[in-house]
Amino acid sequence: MKKTKLVHEVRAVKNKRELANIIRAQKISEKVLQYTVVKLRTGMTEIEVANFIKKSFIQLGAPVLSFAPIVSFGKNTANIHHEPGKSKLKKGGIIMFDFGTTVHHYCSDMTRTFFWGEPSAKPSAIALRARQKKVYLDVLRAQELAIKKIASGERRAKVVDNFARKFLNKKYKNNFKHGLGHGVGTVIHEWPNFKPKSEDVLPVGCVMTIEPGIYLKGFGGVRIEDIVLITKKGCKNLTNFPKDLKSAILLPR
């Protein structure tokens with residue numbers, strides 16, 4: 001007997017028009033992030049930057065955001081769902097942006113983590129930056145492993161999640177505290193889901209986030225998030241904003 005597809009399974013598969021809307025939303029988000037990175041100055045507050053992000057989306061004709069922008073500085077980056085506050089940007093600190101917008105109701109989603117300036121010559125500052133870089137490269141590697149697994153044809157959500165999770169758990173025991181990602185469509189969190197015990201199987205044509213993260217209390221966090229399209233032969237990354245370590249280090253103007 002042929003299985004009847006459920007509504008969430010039908011919604012997950014995007015047609016050309018739906019996919020074009022998501023891609024357009026993502027391109028606008030990347031442009032806003034470019035504007036934001038240039039705007040940053042030492043002493044700016046998280047709220048100031050969040051307001052700049054919102055205004056930038058309005059100016060680019062995409063005022064309806066996927067969700068309230070996450071802007072966090074320093075130790076606040078260890079809070080997965082941090083709400084922008086009065087914390088100020090300091091030299092040597094971590095910056096995390098997580099935001100997206102909508103085009104004709106279809107969402108985008110992206111997270112990038114940055115480091116503000118080079119550390120001072122103090123041994124403690126140099127050691128701190130070395131640790132920041134290590135965490136960043138580990139999270140980036142976990143994301144690369146997950147995308148590579150999907151590209152190889154793996155469609156079982158829990159297998160992809162566990163592939164990245166095991167890599168991080170060897171280095172940061174039980175610190176990766178959320179799913180590897182989720183579907184994106186007319187709502188920001190859509191079926192299917194990357195979770196350790198997920199029974200979901202990724203259909204061709206769905207758009208998924210890949211967002212591993214490590215969050216160390218008193219130190220800070222790193223999350224890197226792209227959205228990818230699941231294709232017949234593998235996947236296509238729809239996110240083009242740089243994420244190599246060199247691009248993640250911002251030099252104050």
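Residues numbered from 1 in each chain as written. Predicted model: local features only at pLDDT ≥ 70, side-chain atom pairs only at ≥ 80, totals over all residues. Heavy atoms only, no water.

*Asks:* So what exactly am I meant to see when it comes to helix H5 (residues 157-171) here?
*Replies:* Because the α-helix completes a turn every 3.6 residues, residues three or four places apart line up on one side. The end-to-end C-alpha distance of H5 is 22 Å, a good match for the 21 Å that 15 residues give at a rise of 1.5 Å each. Taken together, the buried positions of H5 are occupied by Ala157, Val160, Asp161, Ala164, Arg165, Phe167 and Leu168. On its buried face, H5 sits against helix H4 (123-151), strand E7 (190-194) and strand E9 (213-216). (Helix = DSSP H or I, 4+ residues; strand = E, 2+ residues; numbered from the N terminus. Expected span 1.5 Å × (residues − 1). Buried < 20%, exposed > 50% of the residue type's maximum accessible area, 1.4 Å probe, protein only. Contact = heavy atoms within 4.5 Å.)

*Asks:* Mind showing me how you'd approach the pattern of salt bridges here?
*Replies:* Side chains that differ in sign of charge can pair as their charged atoms come close. Summed over the entire model, instances satisfying the criterion amount to 11 salt bridges. Note that Asp138 is salt-bridged to Lys134, the shortest N-O span being 2.9 Å. Remark: Lys134 and Asp138 occur in helix H4; sequence separation between them is 4 residues, near one turn of the helix. The salt bridge partner of Arg156 is Glu154, with a shortest N-O separation of 2.8 Å. Overall, Arg156 belongs to the partly exposed group, its relative accessible area being 47%. The structure contains a network of salt bridges with shared partners spanning Arg11, Lys14 and Glu190. (Salt bridge = Lys/Arg side-chain N within 4 Å of Asp/Glu carboxyl O.)

*Asks:* What is the right way to look at the packing of aromatic side chains in this model?
*Replies:* Two numbers describe a pair of aromatic rings. These are the distance of the centres and the angle of the planes. If you walk through the whole model with that rule in mind, you get 5 aromatic pairs. Ring pairing ties together the aromatic residues Phe57, Phe97, Phe99, Phe114 and Phe241, which thus form one cluster. Over the face of the ring belonging to Phe176 we find Arg165, whose NZ or CZ atom lies 4.1 Å from the ring centre. (Phe/Tyr/Trp six-rings, centres within 6.5 Å; stacked < 30°, edge-to-face > 60°. Lys NZ or Arg CZ within 6 Å of the ring centre and 35° of its normal.)

*Asks:* Please clarify how the nonpolar core should be interpreted in this entry.
*Replies:* General note: in soluble globular proteins, nonpolar side chains tend to be found buried as a group. By size, the foremost hydrophobic cluster in this structure holds 36 residues, and its most contacted members are Val135, Tyr136, Leu180, Phe194, Ile210 and Ile214. Elements with a contribution of two residues or more to this core: H4, H5, E7, strand E8 (207-210), E9, strand E11 (226-230) and helix H6 (245-248). With 9 residues, the single largest contributor to this core is H4. For Phe194, the contacting residues outside a window of four places in its chain are Ile150, Ala157, Val160, Asp161, Gly179, Leu180, Gly181, His182, Leu202, Met208, Thr209 and Ile210. Listed in part, the 24 residues of the second largest apolar core include Leu40, Ala62, Phe73 and Phe114. (Core = buried A, V, L, I, M, F, W, Y, C linked by side-chain atoms within 4.5 Å.)

*Asks:* Please clarify how helix H3 (residues 46-59) should be interpreted in this entry.
*Replies:* Between its first and last C-alpha atoms H3 spans 20 Å; for 14 residues at 1.5 Å apiece the expected length is 20 Å, and the two agree. Every buried residue of H3 is accounted for by Glu46, Val49, Ala50, Ile53, Ser56 and Phe57. Viewed along the axis of H3, the buried residues span an arc of 120°, placing them on a single side of the element. Seen from the open side of H3, the exposed residues pointing more than 90 degrees away from its buried face are Lys55, Ile58 and Gln59. Where H3 is buried, its residues meet helix H2 (16-39), strand E1 (70-73) and strand E2 (94-99). Downstream of H3 by a residue or two, Gly61 has a phi angle that is positive, lying close to 80°. (Arc of directions from axis to C-beta.)

*Asks:* What should I look at first to understand the side chain of Thr102 in this one?
*Replies:* As for its placement among the helices and strands, Thr102 is situated in strand E3 (residues 102-103). A relative accessible area of 15% places Thr102 in the buried class. For Thr102, the side chain forms a polar contact with the main-chain oxygen of Val64, separated by 2.6 Å. Those residues within four positions of Thr102 in sequence are excluded, and the remaining contacts are Ala25, Ala62, Val64, Leu65, Ser66 and Cys107. (Polar contact = N/O pair within 3.5 Å; in protein donor to acceptor, adjacent residues only side chain to side chain.)

*Asks:* Would you take a moment to explain the environment of Ala50 for this structure?
*Replies:* Mapping Ala50 onto the fold places it in helix H3. Ignoring sequence-local partners within four residues, the contact set of Ala50 consists of Val71 and Pro84.

*Asks:* How do you make sense of the packing of H4 against H5 when you look at a structure like this?
*Replies:* When two helices pack together, you describe them by how their axes are tilted relative to each other and by the distance separating the axes. Viewed as axis vectors pointing N to C, H4 and H5 meet at an angle of 155°, and their least axial separation amounts to 8 Å. As summarised for this structure, H4 and H5 are arranged roughly antiparallel, according to the angle between their axes. Crossing of H4 against H5: the hand is right-handed. The residues of H5 that touch H4, namely those facing Lys134, Asp138, Val139, Arg141, Ala142, Leu145, Ala146, Lys149 and Ile150, are Val159, Val160, Phe163, Ala164, Phe167, Leu168 and Lys171. For the contact of H4 with H5, a count of residues per class yields 11 nonpolar, no polar and 5 charged. (Axes fitted to C-alpha atoms, helices over the stretch in contact; angles between N-to-C directions. Parallel < 35°, antiparallel > 145°, perpendicular 65-115°, else oblique. Left-handed = near helix turned anticlockwise from the far one by under 90°. Nonpolar A, V, L, I, M, F, W, Y, C, P; charged D, E, K, R; others polar.)

Any functional reading would require information that these geometric values do not contain.
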